[in-house]
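As a plain string of letters, each chain reads:
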Amino acid sequence: MRSDVEILVMVNRSDHAVLTPPPVIGVYNMGYTFPPSARASPKFFFRYPTEKIHISQTLYAIVEQRVKNKFCVSGTMKMFDLTMPMDTQIPIFPGDPEPEIIQVASIKENGWNEKQITIGSHFSTHIDAPFHMIKGGKKLDDYPITKFIGMASVIDVKNQKLINPGLDEIEQNDIVFFYTAHINKIRYKEYFQQNPILSLETAQRLIEKKVKIVGLDSFSPDNEPFEIHKLLLKNDILIVENLINLDKLLNSRFMCYILPLKIMDADGAPCRVIGVLT
Ligand SMILES: [Zn+2]
């Protein structure tokens, strides 16, 4: 469907959307609904999916029509890859199996290229399932894919040795990432030492808030005896480790896709993590 006016919805850093004047690109929607009360008001707002969007009455009808038609344009999206490149140079947690990526076929020899990849289930950017640390705990394949996709925020905790930030903005079922900047040490041996630790209080508040996934740009939210790991996993909160690029999404709210390899009975698995800012 074409219209004389195209509308661009942008969500700014304070989570309030603004509409640019025409001519612009299009409406991006995730199937939100318009509350009846909004129809009577000269200014409208509705959930997107959790942000308030203010629009003028003139534009309302067009947006409504496009939402009804499930019109969706990706021109306004920005995508961020929060995944480490996977190669054998990535340092491994002490004691984990050495990664091996070897060429086992080539176009010249065989007519095709193929690699054999040997890695631990907690190599590179990956997600931990409860079964990783809890006897009889849930495995990755016990979760529906909805567990791995949702609204996410990045909280700036750079320079906090004990991670203890405010969590007021966090909502139930959110994915919460902590930007520690510890990942900058990935090529140094200190990476597995002096890592920032998630405070017990913060872990408890995340449990109270019923978030579904916690992640950070470090190899672990805690050290032996992994009290924080066990507490989160026991409460059905999965943990993503070795994230990168979190600084690019600081203080924003975005759609996040955490896609682990579909390994049966998995205690954890490497995953591709993508943030989509609309
Ligand atoms: Zn892990």
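Residues numbered from 1 in each chain as written. Predicted model: local features only at pLDDT ≥ 70, side-chain atom pairs only at ≥ 80, totals over all residues.

### Regarding the nonpolar core
(1) Moving on: Counting residues in hydrophobic clusters, the biggest one holds 41 residues, and the most contacted among them are Val176, Phe177, Val211, Ile213, Val214, Ile237 and Ile258.
(2) Moving on: Per-element accounting of this core gives the leading share, 5 residues, to strand S11 (residues 175-179).
(3) Moving on: Once you skip the residues sitting within four places of it in the chain, Ile213 turns out to touch Ile175, Ile237, Leu238, Val240 and Ile258. (Core = buried A, V, L, I, M, F, W, Y, C linked by C-beta atoms within 7 Å. Buried ≥ 20, exposed ≤ 12 C-beta atoms within 10 Å, placed from the backbone. Helix = DSSP H or I, 4+ residues; strand = E, 2+ residues; numbered from the N terminus. Contact = placed C-beta atoms within 7 Å.)

### Notes on helix H4 (residues 200-208)
Helical geometry: 3.6 residues make up each α-helical turn, so side chains three or four residues apart lie on a common side.
(1) Moving on: For H4, the complete set of buried residues consists of Thr202, Ala203 and Leu206. Buried residues along H4 cover an arc of 100 degrees about the axis, so they all sit on one side. Away from its buried face by more than 90 degrees, H4 exposes Glu201 and Glu208.
(2) Moving on: Residues of H4 that are buried sit in contact with strand S10 (162-163), S11, strand S12 (197-198), strand S13 (213-216) and helix H5 (227-234).
(3) Moving on: Following H4 by one or two positions, Lys210 adopts a phi angle in the positive range, close to 60 degrees. (Arc of directions from axis to C-beta.)

### Regarding the confidence of the model for the protein chain
(1) Moving on: Here the protein chain shows a mean pLDDT of 80. Residues at 70 or above account for 73%.
(2) Moving on: Note that residues 1-53 has pLDDT below 50 and, in this model, 91 contacts with residues that lie over four places away or in other chains. (pLDDT = per-residue confidence, 0-100.)

### With respect to H5
(1) Moving on: Of all the positions in H5, only Ile228, His229, Leu232 and Leu233 are classed as buried. Buried positions in H5, seen along its axis, are confined to an arc of 120 degrees and lie on one side of it.
(2) Moving on: Check the buried side of H5 and you find it contacts strand S8 (126-128), S12, H4, S13 and strand S14 (238-241).
(3) Moving on: The first or second residue beyond H5 is Asp236, which carries a positive phi of 65 degrees.

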